[in-house]
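# Descriptive analysis of the structure
Below, each chain spelled out in residue letters.
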Protein chains: 4
Amino acid sequence: MKKLKIVTIGGGSGYTPELVEGFIKRYLEMPVTELWLVDVEEGKEKLALVEQLSRRILEKAGSSIQLFTTLNRQEALKDADFVLTQFRIGQMEARIQDENIPLKYETIGQETNGPGELFKAFRTIPVMLDLVKEMEAHCPEAWLINFANPAGMLSEAVLNHSKWTKIISICNGPLSIENDIARVLGVDRRRLYVEFAGLNHLIFAKKVCLDGKDVTEQVINSVADEGAFVDNPGSSDWQPDFLKGLKALPMSYLQYYWKTNEVLASEQYAASHGGSRAVVAQKMDQELFEVYRDQGLMAAPELLRKRGGAGYSEAACDLITSLYTDKRDIQTVNVRNNGAITNLASDVVVEVNCVITSQGPVPLTTGPLPPELNGIIQAMKSYEQVACEAAVTGDYNQALVAMTINPLVSSDSQGKAMLDELLEVHQAFLPQFNQSHIKKGD
Amino acid sequence: MKKLKIVTIGGGSGYTPELVEGFIKRYLEMPVTELWLVDVEEGKEKLALVEQLSRRILEKAGSSIQLFTTLNRQEALKDADFVLTQFRIGQMEARIQDENIPLKYETIGQETNGPGELFKAFRTIPVMLDLVKEMEAHCPEAWLINFANPAGMLSEAVLNHSKWTKIISICNGPLSIENDIARVLGVDRRRLYVEFAGLNHLIFAKKVCLDGKDVTEQVINSVADEGAFVDNPGSSDWQPDFLKGLKALPMSYLQYYWKTNEVLASEQYAASHGGSRAVVAQKMDQELFEVYRDQGLMAAPELLRKRGGAGYSEAACDLITSLYTDKRDIQTVNVRNNGAITNLASDVVVEVNCVITSQGPVPLTTGPLPPELNGIIQAMKSYEQVACEAAVTGDYNQALVAMTINPLVSSDSQGKAMLDELLEVHQAFLPQFNQSHIKKGD
Amino acid sequence: MKKLKIVTIGGGSGYTPELVEGFIKRYLEMPVTELWLVDVEEGKEKLALVEQLSRRILEKAGSSIQLFTTLNRQEALKDADFVLTQFRIGQMEARIQDENIPLKYETIGQETNGPGELFKAFRTIPVMLDLVKEMEAHCPEAWLINFANPAGMLSEAVLNHSKWTKIISICNGPLSIENDIARVLGVDRRRLYVEFAGLNHLIFAKKVCLDGKDVTEQVINSVADEGAFVDNPGSSDWQPDFLKGLKALPMSYLQYYWKTNEVLASEQYAASHGGSRAVVAQKMDQELFEVYRDQGLMAAPELLRKRGGAGYSEAACDLITSLYTDKRDIQTVNVRNNGAITNLASDVVVEVNCVITSQGPVPLTTGPLPPELNGIIQAMKSYEQVACEAAVTGDYNQALVAMTINPLVSSDSQGKAMLDELLEVHQAFLPQFNQSHIKKGD
Amino acid sequence: MKKLKIVTIGGGSGYTPELVEGFIKRYLEMPVTELWLVDVEEGKEKLALVEQLSRRILEKAGSSIQLFTTLNRQEALKDADFVLTQFRIGQMEARIQDENIPLKYETIGQETNGPGELFKAFRTIPVMLDLVKEMEAHCPEAWLINFANPAGMLSEAVLNHSKWTKIISICNGPLSIENDIARVLGVDRRRLYVEFAGLNHLIFAKKVCLDGKDVTEQVINSVADEGAFVDNPGSSDWQPDFLKGLKALPMSYLQYYWKTNEVLASEQYAASHGGSRAVVAQKMDQELFEVYRDQGLMAAPELLRKRGGAGYSEAACDLITSLYTDKRDIQTVNVRNNGAITNLASDVVVEVNCVITSQGPVPLTTGPLPPELNGIIQAMKSYEQVACEAAVTGDYNQALVAMTINPLVSSDSQGKAMLDELLEVHQAFLPQFNQSHIKKGD
């Protein structure tokens, strides 16, 4: 039998059991022979729990997929066909800092937006660049499927600061918007065609077709008037007139930018009532692993669906299957633009509809972003470019520019204060910002 | 003698005497034969004072320029060669509202930034579009030289929402940055070449050459370390490291975006200590016209230099002279992009270095904006496009989008509240937003 | 049962029986209820023969598709779902002129290249623009599927010189290249993915994947060394080294441009030995209709496959089915570029891989054309744009420019001579070039 | 006194005395202190003659410019301020081959068009790339002013195949078009503004203004009807209707592409009546140097004006003066596009109007080329790119593609025959095409 080896970096993640189920479910289309879970020393205990649950799941299904766990990444990478990344540099402790420190400066603290995202990028990009160097050596033909965050920036960094080209970052956002639209219209999702365009976590549904008929306006009106989208970071829905004027459906994360004060207020309230999202997530994680200890558990538990990442494993399995089988279906993933969005440069990473072939995703053209959407996308892509550059070079001044031009940051002085404090607390994970740079902040 | 007729709309402005002096000074190069001052009923008294002072100035200089004043715009436009616009729709009272109402929402209130600018655009754009229609009828060959604000948006509206092509908006910003650089370097301004790129009030000095040698880094370091730029809207200078990371010199108005909290605090302080900038300007204006009453005054008084607009008349006279004489010198003005900034669309209006020929300004190429500068420029240009569209159509939803995507506005809800209050107070000047729209805000 | 009405303009074409078979074959996916064949007075007899054969085919299949024939186009268009165009303005007689006159000037005479194509465009574009006006009135929701030639220019004219947007021009070229590649590799066509890019009749296979593996170089080497492509207009194959240097597979029609003297020699030989391609085709057509008279004939005859257009009906049926069923498969059709080829303008028509949705084809991005391919494509697209403009305006000077800048035309003088002679012989079909223009040529 | 050192590579050229006069004339503005003439062994005798004449000219003028001659290029380059290149690799003998061999294949033979240009590029590009490497070492701040042909391709090769950025290629074409226009209009050239755009030797006057008024149409009509342009390579003028349809004035060299058969006929006639242009030029050169021997000659002789390159020295001196003095006048030179022509890539070399600053030329925006002009420019730029690549790599297949896609070459077979013959005769100057490649052609 032909080997089909899948490696997941950060294999001790609570999501892994879902992945295992996903591979079992798709076995006829894509007969995985080896699944390797890789983690780091600090994650050893979780890795063991995940491994045990995964083995129970595989056994129950009578699956022939072989499961391996290791702390030796290079061993795992050898001859891999697909490498999945879902790690978190600095664990939950780092996330808590990313969320709390900005709040002290009246600034949104969140792991994929604002100063928090910037530092998650600073910590993660060097690790990704190391990983692709190892992949060049050990599995040069493999696809890297990334769902670590900030997913878009990690692809941006790999595609524009290394020679590696086979990376696709994915997000469950487009899928959950599609589900929301299907629910609003009361129809099966498969009858829809949704034209997405934007950046990771900053995506818009520009056009919605139901059975081939353009129903964009109807959907927007329904969403506007009924407030139908789930999972808004703030407490409230979009202003109906705003949504109608926008003529597109923004992903809920756009609320960080267009409902900044509400989201900030909501975060501040949460922080003083039981803790930020990170604290909540950490608790959920602990509960989850408590459940995993139960030797009678034979499937990914219901609790897992409640976490923010529900759907990620589904998205990853779908993508891998389409790559493997040359399925040529349409999925919304992060790739080099290549003309898809005509008012962005060809080489930057965007999140757009792609045909998934075995040669990789081919972006579908979506024309120019209208001015209503273009401003925020351009502002954020420019910020991402400066941030990636700073992450690679460790240049303090560039880091300060990235921080300051982020729309959530109010001024260069405030930006500098946050930069210095975050450089200090995260310094163990930021070798590229050498001591003198960090000192400079004092 | 060949007729050379110049018409200034808003001729009762306190700046007019400076213009008169400018034309006298350039008479050998550009022999103006007629100067028409046009104003509206409400400005009649000021117009009379300006006229009297202007006549004294002309007489003292022994000038043969004929001076005319009128409230009949169409009469004045007839066969004009150059039409200058420097009007303010709604007078100082409207400006005071534009400044004060946003402050109530913890938002910067300023006539060329944020919600204040948006409403200045809403009030002024329809008047400009009327004016160019009249010019088509009465002086189709004339150049329209605009220094009314928001200057960039007025050009954007005329060039992309009418058939008129001969409009150039100007600003004294580039010139004053050049003067600042010359002062910092301690050299004569004529030894400099400064490559400017951006939008009106959002311009950057990307490169500075002294005697043909690139001294950009040296200038940035000096400015960063010595805090040398005048006229910052907030109380403080840029963070030195930020400026070094930016690798360009931003116009001081960028502080509205990159020192938002400091500028807001400074405005709030001013508002509670003697009034906003509008109130101060109104007082200065009153003092100025008090001085103009003095029949012994034979020149534009020193007091005039202290106002924000110093240099505007100089810039306008230089531009007209170059157009008239086909001088082909380089000036920084607002024109259609046409490829000058490669990451902006060809048809949008930008503020860039141009060669001034008698056929009009020809923009010099300046390549792509680097990501450090691109984000804010793209965000603002997109906002301007939506704002112009809303100003022309009177579409409430679009106006709300323009308001919300402005980087100074914190959320769609806050934006809606400001939009509704400003639509209410300015409704006399906003015929395009019909009653139902304004009601909608209630 | 839901009505599904298909109208074919030029229904008396010999290809129609193939279309009828195609609809019968796809009935389960796409239940056509009405098929209308429309033709003009001059084509009445052929139409009758085609109708009779079609009825026999339908009857034999026990099909419930209702067949209608008419000379009244507007009646036919009423509430159509798909309109197919396959007409030839001026019949075979015009084609013979298009082929013979250029030969007198030592210039290639061919109906889809050079002066012949130009005049086919001049005759056909006004008719297409009339048709879409009627469609606006009678079937505004219908798709226009064009396989009349010059197919790319007809789409260019409709999309950039009318308000109609729902037109797709198709060609059997990409399909036959794919078949050739499959034959060369000795594999089933469905295992291939071929990235096509270019213009109609000027298309390149830029990349060939077999089971997801890039085999482009291997295919090019095989084709280069074995001379494997069918249907070359000249007598010989490409120079192997040329093809290897090109790093792409050109459609055989590129031989008109890159084997000009060989093709010309071959045409000249043919013209003096039994007549040009048109004469041959006319004879085949006569034979075909002779066969159609046979009341025992119950299917499209084998003879039909031998004509140049084999596969057109297949391509048309596939396209219509995918549009109707929202199939989202990939087909290579002529659409607005929209960023697919990044070195061509967004609004021009290109022939590229598209996902066929029920909203229409969405082009896949293919990046920039490499310089090896870019020159001819740009030259031809520019020529097409000038030609379309001239076809619409009837401007003689523009027509002369179109003629002269066509790469097959050697000079402005030679171009003028051919232009004048062709304007003369085709004047009955060229109302837009009014008498004075034609006179001018004298 | 500040050193100002000018080096001319190919200093033994007959044009050098003109250059010497140019520097003398401009001495007040640009006080040259050293002028170095560099040549190769084969040119020693001419160099000596040029040196003697130059010394007589300098002496007569009482000039303090010091003259040096050397065969040691590196010595000459040391600390140079400006380096001028006007060499010809392979001397006149190579040119004769470039002109004669294509004629054998019924193809235009010319040193800056078609196969002849291609081989001139193949011979010259490696030498230019060597030169800029030496300049990096010996005079990294110097400007390289190139008037060796093919001038545009040499800039293309240097700017896109080396790290050197300070190269400007110039041509006397734009200036002579301007002179022709001035003559047609009967006005002083200084009253004109001509907007040029295109490539070297393929330039168009898109717009002509007289005293700031657009007179383009009038000029085109005059030229069309009176046939007023000098120096056409063929015997005849443009077809008037063609020129009117073009709406721009093409440089006479466009006749190679749009009057191909006439030019070819004229060349064939010349070749059989006294020899090709090269033979004529060689004779003129011999006469010229005969005249230079005359010790009484104290100035560049009248005979020099008759050669094709008249005006080159003038153009070069003007350019150097403007660079040296930061004059900021407008000259038409070959530079990186940078957005000037919006339908060409930013990095390719174009010939456009530029402001000449001491930092180098800054291209003026000229928008998109209209389709009438775009096709040939794109075709030629693509050809140039492939040709430069082949010149650098010595790749035979790429060279064959460059040859074949050149619009003057009729087919890949004919192209291959010419390529092989030219590779053979020029092999001494083509080290990059190694023996095996050249063999391949056998």
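## Points about the overall build of chain A
- In terms of helices and strands, chain A carries 18 helices and 13 strands.
- Taking 442 residues into account, the globule formula puts the C-alpha radius of gyration at 22 Å, and chain A, at 21 Å, falls close to it.
- Based on the C-alpha atoms only, the size of chain A along its principal axes is roughly 60 × 55 × 45 Å.
- A buried classification covers 65% of the 442 residues belonging to chain A.
- By sequence separation, contacts in chain A at least 24 residues apart represent 70% of the contacts at least 6 residues apart.
- Total accessible area on chain A is roughly 15400 Å²; 50% of this is exposed by carbon and sulfur atoms.
- Counting 43 positive and 58 negative side-chain charges, chain A places the averaged centre of each group 3 Å from the other.

## A closer look at the relation of the copies chain D and chain C
- Each copy of the sequence occupies a distinct position, and chain D is placed on chain C by a rotation of 180° and an axial shift of 0.0 Å, giving an RMSD of 0.0 Å. Look at the turn and shift together and you get a two-fold axis relating the two.

## Some remarks on the side chain of E351 of chain B
All names here are of chain B.
- On the secondary structure map, E351 appears in strand 12 (residues 349-357).
- Here E351 sits buried without a salt bridge, and the closest side chain of opposite charge, K381, lies 9.8 Å off (N-O distance).
- At 2.9 Å, the side chain of E351 and the side chain of N200 are in polar contact.

## Focus on the arrangement of the chains
- The least C-alpha distance between chain B and chain C, which are not in contact, is 13 Å.
- Regarding chain A and chain D, which are not in contact, the minimum distance between any of their C-alpha atoms is 12 Å.

## Details of the relation of the copies chain B and chain A
- With an RMSD of 0.1 Å, the fit of chain B onto chain A corresponds to turning through 180° and sliding 0.0 Å along the axis.
- In this assembly, 100% of the residues forming the interface of chain B have copies in chain A that are likewise at the interface, indicating an isologous arrangement.

## Examining the pattern of salt bridges
Residues and elements named next belong to chain B.
- This model, assessed by the stated rule, comprises 124 salt bridges over all chains.
- A salt bridge links E314 to R26, with the shortest nitrogen-to-oxygen separation between them at 3.1 Å. Of this pair, E314 sits in helix 14 (residues 312-325) while R26 is found in the loop between helix 1 (16-25) and strand 2 (34-38), placing the two residues 288 residues apart along the sequence.
- Overall, E314 belongs to the partly exposed group, its relative accessible area being 32%.

## A closer look at the confidence of the model for chain A
- Looking at chain A as a whole, its pLDDT mean stands at 92, while 95% of the residues score no less than 70.
- Predicted as a complex, the structure gets a pTM of 0.95 and an ipTM equal to 0.95.

## Side note on the packing of helix 7 (residues 173-185) of chain A against helix 8 (residues 216-226) of chain A
All names here are of chain A.
- Where helix 7 meets helix 8, the axes come as close as 10 Å, and the angle between the chain directions of the two elements is 85°. Comparing their axes, helix 8 and helix 7 come out roughly perpendicular. Mapping the contact onto sequence places I181, V184 and L185 in helix 7 and Q218, V219, S222 and V223 in helix 8.
- Partitioning the contact of helix 7 with helix 8 into residue classes produces five nonpolar, two polar and no charged.

## Side note on the environment of F429 of chain B
Residues and elements named next belong to chain B.
- Looking at the secondary structure, you find F429 in the loop between helix 17 (412-425) and helix 18 (435-440).
- Residue F429 is classed as partly exposed on the basis of its relative accessible area, which comes to 34%.
- Expressed as a C-alpha distance, the spacing of F429 and G90, which sit 339 residues apart in the sequence, is 7.1 Å.
- Those residues in contact with F429, other than ones at most four positions away along the chain, are I89, G90 and R123.

## A short note on the interface of chain D and chain C
- With 37 residues of chain D in contact, the opposing surface of chain C contributes 37 residues.
- When chain D packs against chain C, the two sides together hide about 3100 Å² of surface, and 54% of this comes from carbon and sulfur.
- One can count four salt bridges joining chain D with chain C.
- Of the charged contacts in the structure, one is a salt bridge between D412 of chain C and K259 of chain D, with a shortest N-O distance of 2.6 Å.
- Put simply, chain D and chain C have 24 residue pairs in polar contact (both at pLDDT 80 or more) between them.
- Broken down by secondary-structure element, the contributors of at least two residues to the side of chain D that touches chain C are helix 9 (240-246), helix 10 (255-258), helix 11 (260-271), helix 14 (371-393), helix 15 (396-405) and helix 16 (412-425) of chain D.
- In terms of residues, the side of chain D that touches chain C owes the most to one element, helix 14 of chain D, which gives nine residues.
- Its residues assigned to classes, the side of chain D that touches chain C comprises twelve nonpolar, 16 polar and nine charged.

## Here's the deal with the interface of chain B and chain A
- Between chain B and chain A, the contact holds 37 residues from the first and 37 residues from the second.
- Carbon and sulfur atoms make up 54% of the surface buried where chain B meets chain A, a total of about 3100 Å² over both sides.
- At the surface where chain B touches chain A, the tally comes to four salt bridges.
- Here chain B is connected to chain A by 24 residue pairs in polar contact (both at pLDDT 80 or more).
- Broken down by element, the side of chain B that touches chain A gets its largest block of residues, nine residues, from helix 15 (residues 371-393) of chain B.
- Broken down by class, the residue content of the side of chain B that touches chain A amounts to twelve nonpolar, 16 polar and nine charged.

## A closer look at the packing of aromatic side chains
All names here are of chain A.
- Taken as a whole, this structure holds 40 aromatic pairs over all chains when the rule is applied.
- For the ring pair F147 and Y312, a centre distance of 5.7 Å and an interplane angle of 20° mean the geometry is stacked. Separated by 165 residues along the polypeptide, F147 in the loop between strand 5 (143-146) and helix 6 (151-161) and Y312 in helix 14 (residues 312-325) bring together distant segments of the chain. Y312 matches F147 in its accessibility class, with the two residues each being buried.

## Quick word on unusual backbone geometry
- The omega torsion across N149 of chain C and P150 of chain C is -5°, close enough to zero to call that bond cis.
- Turning to its location among the elements, P150 of chain C is positioned in the loop between strand 5 (143-146) and helix 6 (151-161).
- Phi angles above zero are rare outside glycine, and Q91 of chain A is one such case at about 55°.
- Its relative accessible area of 31% is what places Q91 of chain A among the partly exposed residues.

## Side note on the environment of L58 of chain B
All names here are of chain B.
- Here L58 is to be found in helix 2 (residues 44-60).
- On the basis of relative accessible area, L58 is assigned to the buried category, the value being 5%.
- Distance in space between the C-alpha atoms of L58 and G114 is 40 Å, their sequence separation being 56 residues.
- For L58, the residues in contact, after removing those within four places along its chain, are V20, I24, S63, I65 and L67.

Calculation notes
Residues numbered from 1 in each chain as written. Chains lettered and ligands numbered in written order. Predicted model: local features only at pLDDT ≥ 70, side-chain atom pairs only at ≥ 80, totals over all residues. Heavy atoms only, no water. Helix = DSSP H or I, 4+ residues; strand = E, 2+ residues; numbered from the N terminus. Rg over C-alpha atoms; globule rule 2.2 N^0.38 Å. Buried < 20%, exposed > 50% of the residue type's maximum accessible area, 1.4 Å probe, protein only. Contact = heavy atoms within 4.5 Å. Areas by Shrake-Rupley, 256 points an atom, 1.4 Å probe, with all protein chains shown as cover. Lys, Arg positive; Asp, Glu negative; His and termini not counted. Charge placed at Lys NZ, Arg CZ, Asp CG, Glu CD. Least-squares fit on C-alpha atoms with pLDDT ≥ 70 in both. Salt bridge = Lys/Arg side-chain N within 4 Å of Asp/Glu carboxyl O. Polar contact = N/O pair within 3.5 Å; in protein donor to acceptor, adjacent residues only side chain to side chain. pLDDT = per-residue confidence, 0-100. Axes fitted to C-alpha atoms, helices over the stretch in contact; angles between N-to-C directions. Parallel < 35°, antiparallel > 145°, perpendicular 65-115°, else oblique. Nonpolar A, V, L, I, M, F, W, Y, C, P; charged D, E, K, R; others polar. Buried area = accessible area lost by both parts, 1.4 Å probe. Phe/Tyr/Trp six-rings, centres within 6.5 Å; stacked < 30°, edge-to-face > 60°.

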